[in-house]
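# Chain and residue survey
As a plain string of letters, each chain reads:
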Amino acid sequence: MSLSSRRVTLPAVMPITLQKRVIKVYSEDDTSKALEVPTDITARDVCQLLILKNHYIDDHNWTLFEHLTHTGLGRAIEDHELVTEVQSNWGMQEENKLYFRKYYAKYEFFKNPVSFFPDHMLSFPNETNAAVSHSGILQMFLSSSTYPEIHGYLHAKEQGKKSWKKLFFLLRRSGLYFSTKGTSKEPRHLQFFCEFSNSDMYMSLTGKKICGAPTNYGFCFKVQAYHSDTY
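Residues numbered from 1 in each chain as written. Predicted model: local features only at pLDDT ≥ 70, side-chain atom pairs only at ≥ 80, totals over all residues. Heavy atoms only, no water.

As annotated in an unreviewed UniProt entry, the protein chain carries the name Ras-associating domain-containing protein and is attributed to Anser cygnoides.

Take the sheet that holds strand β8 (residues 165-172) next. Sheets are built from strands paired through backbone hydrogen bonds, the pairs being either parallel or antiparallel. The five strands are arranged β6-β7-β8-β9-β10 in an open sheet whose pairing can be described as antiparallel. The open sheet has two free edges, formed respectively by β6 (122-123) and β10 (190-194), since each of these has just one partner strand. Bridge analysis of β8 against strand β9 (residues 175-179) gives four bridges, and the strand direction is antiparallel. Paired with Leu-170 across the two strands is Tyr-177, which belongs to β9. (Pairing = 2+ DSSP bridges. Helix = DSSP H or I, 4+ residues; strand = E, 2+ residues; numbered from the N terminus.)

Taken together, the seven strands give an open sheet; going across it, the order is β2-β1-β5-β3-β4-β11-β12, and neighbouring strands pair in mixed fashion. Strands at the two margins of the open sheet, each flanked by one partner only, are β2 (32-38) and β12 (219-223). For this sheet, the mean inter-axis angle between neighbouring strands, taken without regard to orientation, is 40 degrees. Strand direction decides the pairing type here: strand β11 (residues 199-204) and β12, joined by five bridges, are antiparallel. Counted as the bridge partner of Asp-200 is Lys-222 from β12. Set on the sheet, helix α1 (residues 43-54) makes contact with β1 (20-26), β2, β3 (62-68) and β5 (97-102); between it and β2 the angle comes to about 125 degrees. (Axes fitted to C-alpha atoms, helices over the stretch in contact; angles between N-to-C directions. Contact = heavy atoms within 4.5 Å.)

Take a look at the structure:
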């Protein structure tokens, strides 16, 4: 057989396409929109898509919220988070929802840091100048290996227990701790409560009703795989 008579078949080259998924997003009035989105879409991208579809003005306050209906917990999903990953952590029988609405405190931590660092709740390491400005404290949090300790009282309850206790807490880079002896900060009196590398913080929307919380406002740390954790 001559070379000219041979037929060579090359495999077809198919374009690479991202997988897509349909998500349902609710508005304040509980109406919803179904969106077909790529699996790598971020919360910020979903907001931009809905802003365009609804002809809204982008004032940087539009936010995607996650609402866990069974536990009454909710949180603002951070701009960089993948929405499909958030949903993948929901249980099969859970009727959780995504909400699209304005959240005027979305970037408040960066725009008005002074309200997040009250002087009476701060303690500085010995090697740090305690006269650091509030904007300087924010920079310490974002770029330094050392930052001030934030301390104060919180009511806390472990999951599975009924009683709430008012305890003295300390927020450090390594996690959240509470003192087993008044306001003592000695290592032997500090009990580890929660770390943040694999946890999300939720606001308690119905804490008094579901958990018997002593205050209207509350928050909950929940591991990203949504196994049991402490409140």
